[in-house]
Structure formats: structure tokens, C-alpha cells
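Remarks on the overall topology
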Amino acid sequence: MSKEKFKTSIGGQALIEGVMMRGPSQLALAVREPGGKIVVETTPLKPAPFWAKLPLLRGIFSFCSSLATGYRCLMRSADISMTEEEKQEEKGKLELWAEEHLGDKASALMMGIAGVLGGVLAIVLFMVLPTFFTGLLDRLVPLGMAKALVEGVLKLAIFILYLFAVSRMPSIHRVFRYHGAEHKTIATYEAGEELTVEHVEKNSRFHRRCGTSFLILVLIISILVFSLVPWHSTLGRVGLKLLLLPVVMGLAYEVIKYAGRHDNLLTRALSAPGLWLQRLTTAEPDAGMMEVAIAAMKAVMPKEGEDDRW
């Protein structure tokens, strides 16, 4: 019997000109400065509360925590990777006003506003629009029992088209190349190979335990769960779907955790949609990008006594 391949709990996120990695005891971001130097910053991780380790609840906690941490790291990477002139050019009138009137609190305010706007956009795109258009279509052509299925197909179509559109933006495509570097570096570490550009380059940019896989599983599971939600009105249905969203996230996390730990026909089928979508959300990195990902990985590798098994 062949030895089971080692799977690590270390995960990461692509940043602007950088990569974030989260290890057993600390988080690290590695970002390349305009001058070419790789800056590595580490932050100790606090132990999660006991309830955050319970099935279903751990998925909700992990998603919310990763979202908040990832956004902070993304903003920090922008600060490190941009010149002062570029920072000033990127600032809008609202941010300049906030800096003038709020000083050091301006950054927190802008992060909060961006987070709220991002959440609203996600709700509108993936909850309101599919339900609205399905209801509109049902008035023209009665869909009957197929309404939930049509709504789900529209949701998946909007998600895939959104990813395709943003992947064609040069700045986002570059971030997706760092995403590829992150995956290839983790694959190299799991294979037990030395973390060098040469070894990282030959490994795959596709990885089962990826945020893309989690998101597509959330969408697929939501189609099944939301098919049980009554359809009295568009707003009422959207409201019920929002209430059930934590349940969907918790289920999706348990599925991806199971799929990441096992290798059989079922888990390969569960992982397939996410791996396919990673053709949009990852791209092949260059040597410099892989150097950044390696620097982030080395900063979070387990110390003696620490366990980073998935």
C-alpha cells in the first residue's frame, strides 16, 4: 500500500505584489517593495475559542476570520508595494477627506466602508439578481418546480462570468499569478521538496483546499438548501436565504475539509468544480513571484512540537 501523501493545514492568499501564509502559530505576509526587496511581516495567531472548533460553527468562524484577516493583509500589501506617488494618485476624495478630519482613524473607516460595499455587492450579485431574474422569467414562462434550479444555474453563471471578467483585468491577473505561486509553494512543501524556485516551478498551481473551491461549494450547497425555501416574494426569499447563509457556509467547510483529507472517487468529484474554476483564479507565476511565496511559507513553517497536518 502506498504511503498517504502529507497534507498541510498551512494556507494562504494572494496579495498585491505578495502572498500571505497562515501557519500553526503565526501569519506572515511577504510583499515585494518597488525597489525589489521582499518585505516579510509576521503576526502571532491567537488560539481560536473552543466553539470555533465545533463542526459547522468552525466553518462560519473560519470564513469570517479569513475574510477580515485577508482584507487587512491586502491593504497592507498595497501600502508596501506602492510608491508614495502611486498612493496619492489612488486616493479618492472620500479617503482624502477622512485623512484630513480623522487622522489615524481614516484607514479603519475606509476598510469598514469597503467591507460593507463588498458585502452588499456580493448579496446583490449572487442573491438578489438570480432571484429577481428567475421571478421575472417565471411570469413569462411558468417554471413550477424548476424555479430553484433555474435560480441556481443563474447564480453559478453570474459567478463564473464575474471571475472571467475580473481575471482579464491586468492588475487582478497579476494577483492571480501570485495565487498560482502560493499553491505551487504549498504543493512543494507537501511533497517534502526543498523550497526553491526550481522545485516550486514544476508543481501544480491547482490545489483542493483553496478558497475558490470553498466558494463554489458554497454556491452548489446553497442551491440544494435554498430549494427548500418558500418563494412568496423576492425580498422575503432573499431574507430567508441570508438567514440560512451561515448554515450553508458551515456545511461547505465540512465538505471541503473532508475532501481535503481523503482521496477517493467521491472527494475527487467534490473537488472537481473548484479545481476547474482555479483555471480562472490562478495563473502561472514568474520566478520573482515564487520567491515571494517561498519567503512567506518559510516564515510560518511549524516549529518544533507544532503540528500542521490538515
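This text follows the structure it describes.
Residues numbered from 1 in each chain as written. Predicted model: local features only at pLDDT ≥ 70, side-chain atom pairs only at ≥ 80, totals over all residues. Heavy atoms only, no water.

1. Re the sheet that holds strand β2 (residues 18-22)
- An order of β1-β2-β3-β4 is seen for the four strands of this open sheet, with the pairing classed as antiparallel. Pairing within the sheet leaves two strands with one partner each, and these edge strands are β1 (11-15) and β4 (38-44). The mean angle between the axes of side-by-side strands here comes to 15°, regardless of whether they run parallel or antiparallel.
- The pairing of β1 with β2 spans five bridges and is antiparallel. Along β2, the bridge assignment pairs glutamine 13 with methionine 20.
- Each of β1, β2, β3 (26-32) and β4 is contacted by helix α1 (residues 57-81), which is oriented at about 30° to β3, the strand it contacts most.
- Running at roughly 160° to β3, helix α11 (residues 287-300) makes contact with β2, β3 and β4 of the sheet. (Pairing = 2+ DSSP bridges. Helix = DSSP H or I, 4+ residues; strand = E, 2+ residues; numbered from the N terminus. Axes fitted to C-alpha atoms, helices over the stretch in contact; angles between N-to-C directions. Contact = heavy atoms within 4.5 Å.)

2. Re the layout of surface pockets
- For the second largest pocket, the calculated volume is near 380 Å³.
- Lining the second largest pocket are 16 residues, with Lys5, Lys7, Arg208, Arg209 and Asp263 positioned closest to its centre.
- For the lining of the second largest pocket, the elements supplying multiple residues, two or more each, are α6 (170-190) and α9 (234-261).
- Of the residues contributing to the lining of the second largest pocket, the split by class is three nonpolar, five polar and eight charged. (1 Å grid on protein atoms, 1.4 Å probe; cavity = no way out; pocket = protein on both sides within 12 Å on 5 of 7 lines; lining within 4 Å. Points joined across faces, edges and corners; volume = space filled by probe spheres on them. Nonpolar A, V, L, I, M, F, W, Y, C, P; charged D, E, K, R; others polar.)

3. Some points on the pattern of salt bridges
- As enumerated under the stated definition, the model contains 15 salt bridges in all.
- For glutamate 291, the salt bridge goes to arginine 32, with nearest N and O atoms at 3.2 Å. Here glutamate 291, found in helix α11, pairs with arginine 32, found in strand β3; they are 259 residues apart in sequence, far enough to count as distant.
- Between lysine 147 and aspartate 138 there is a salt bridge, with the nearest N and O atoms lying 3.6 Å from each other. (Salt bridge = Lys/Arg side-chain N within 4 Å of Asp/Glu carboxyl O.)

4. Remarks on the nonpolar core
- Counting residues in hydrophobic clusters, the biggest one holds 23 residues, and the most contacted among them are Ile10, Val19, Met21, Tyr178, Met297 and Val300.
- Secondary structure elements with two or more residues in this core: β2, β3, α6, α7 (197-201) and α11.
- Per-element accounting of this core gives the leading share, nine residues, to α11.
- Residues in contact with tyrosine 178, not counting those within four places in the same chain, are Ala14, Leu15, Glu17, Gly18, Val19, Met289 and Val292. (Core = buried A, V, L, I, M, F, W, Y, C linked by side-chain atoms within 4.5 Å. Buried < 20%, exposed > 50% of the residue type's maximum accessible area, 1.4 Å probe, protein only.)

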